[in-house]
Amino acid sequence: MKRLSAVVLAGFGLAVSSAGAAQDGFENVEIRVQEIAPGVAVLFGRGGNIGVSHGEDGTLVIDDQFAPLTEKIEAAVAELGATPVQSVVNTHWHLDHTGGNENFGKRGAKIFAHENVRKRLVVGAPESRWNIQPARKEALPVVTYDHGVTFHLNGDTIDVRFTGGGHTDGDSIVFWREKNVLHMGDLYFNITSYPFVDINSGGNAYDLIEALDLAIGLADDETMIIPGHGTMANKVDLVEYRDMVAESVSRVAELHDSGMSLEDAQAVRPLDDFGRGGGFIDADGFVGAIWASLKAENR
Ligand SMILES: [Zn+2]
């Protein structure tokens, strides 16, 4: 188990250290704005993609990237003709999605998240090698939910739904009903990286499949899908991703149940034909996370 957690931690570390290593480069980050429907936009910068609802009732953002980017994010929001950010939803607790919380909180924005997001931000992960400190008060969600919350804002009905987790134990997806826009948080990456199941944050590969099924159930052929990372996607992309995750789990479970060690299972390279790699999570990291998920299932 020691090695297992090392493998999984390595996955988390890549995500976090890429943030750390990039710290000096934040001044070079450009926030790219994509307007996808009236009153709905996506901001691409560094860290998790930001969904924006704006209009006569105010501005809501889904995730807020890293603290050094807050002013650039505010400038991008202003460029949309939107008023300053009034509400923030965190899809999960990772720092590349919540790093701006403290700044927005201090400016008076109300932060919403699943209760497990707040719990994890309160304690941080100081014992981990990244020494994640407990969040300051202003960075904490002031409204938490267990199943979800719905915003009636700017003429839209915007459902924030807890998925039961998967990437962490606090993942929400956000669905603009009328505009048919779906923000997936890190339950879905539209990049070549293998999926990220953060075991240390309560993630589980089986929950990930269920969360993806929930999202697919909301989507139709026209749904505009905002991934946690990567460019805009559609339902076909999401289904393909879900099938890749499910097939990966089934292959790794078979190796696991044959009595193989994790190291031997990784050496088989069971996921290579998916042609993924690079980015946050490599094949060994994903196999390790599935392995840990199998243990957690008490099969
Ligand atoms: Zn994440």
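Just so we're clear, the structure is a prediction, and the values are computed from it rather than from any experiment.

Asks: Hey, could you run me through the packing of helix 7 (residues 235-257) against helix 9 (residues 283-296) in this one?
Replies: Where helix 7 contacts helix 9, the axes come no closer than 10 Å and their chain directions differ by 70°. Regarding the angle of helix 7 to helix 9, the classification is roughly perpendicular. Both helix 7 and helix 9 take part in a crossing whose hand is right-handed. Here helix 7 contributes Ser 248, Val 249, Val 252, Ala 253 and His 256 to the contact with helix 9, which in turn contributes Phe 286, Val 287, Ile 290, Trp 291 and Leu 294. Looking at side-chain class alone, the contact of helix 7 with helix 9 contains 8 nonpolar, 2 polar and no charged residues.

Asks: I keep staring at the environment of His 147 and nothing clicks. Help me out?
Replies: Counting through the fold element by element, His 147 comes out in the loop between strand 7 (143-145) and strand 8 (148-153). Among the residues examined, His 147 registers 10 C-beta atoms within 10 Å and is labelled exposed. Each C-alpha atom of the pair His 147 and Leu 95 lies 22 Å from the other, and the pair is 52 residues apart in sequence.

Asks: Looking at this model, I keep getting lost on the sheet that holds strand 4 (residues 59-62). Mind explaining?
Replies: Hydrogen bonds between backbone atoms are what pair the strands of a sheet, whose relative direction is either parallel or antiparallel. The 7 strands lie next to each other as 1-2-3-4-5-6-7, forming an open sheet whose pairing is mixed. This sheet does not close on itself; its edge strands, each paired only once, are strand 1 (32-37) and strand 7. With strand direction ignored, the average angle separating the axes of adjacent strands in the sheet is 20°. Examined bridge by bridge, strand 6 (residues 110-114) and strand 7 share 3 bridges and lie parallel to one another. Its bridge partner lying in strand 7, Ala 113 is registered against Thr 144. The sheet contacts of helix 5 (residues 115-123) involve strand 6 and strand 7, and relative to strand 6 the element is tilted by about 105°.

What counts as what
Residues numbered from 1 in each chain as written. Predicted model: local features only at pLDDT ≥ 70, side-chain atom pairs only at ≥ 80, totals over all residues. Axes fitted to C-alpha atoms, helices over the stretch in contact; angles between N-to-C directions. Helix = DSSP H or I, 4+ residues; strand = E, 2+ residues; numbered from the N terminus. Parallel < 35°, antiparallel > 145°, perpendicular 65-115°, else oblique. Left-handed = near helix turned anticlockwise from the far one by under 90°. Contact = placed C-beta atoms within 7 Å. Nonpolar A, V, L, I, M, F, W, Y, C, P; charged D, E, K, R; others polar. Buried ≥ 20, exposed ≤ 12 C-beta atoms within 10 Å, placed from the backbone. Pairing = 2+ DSSP bridges.

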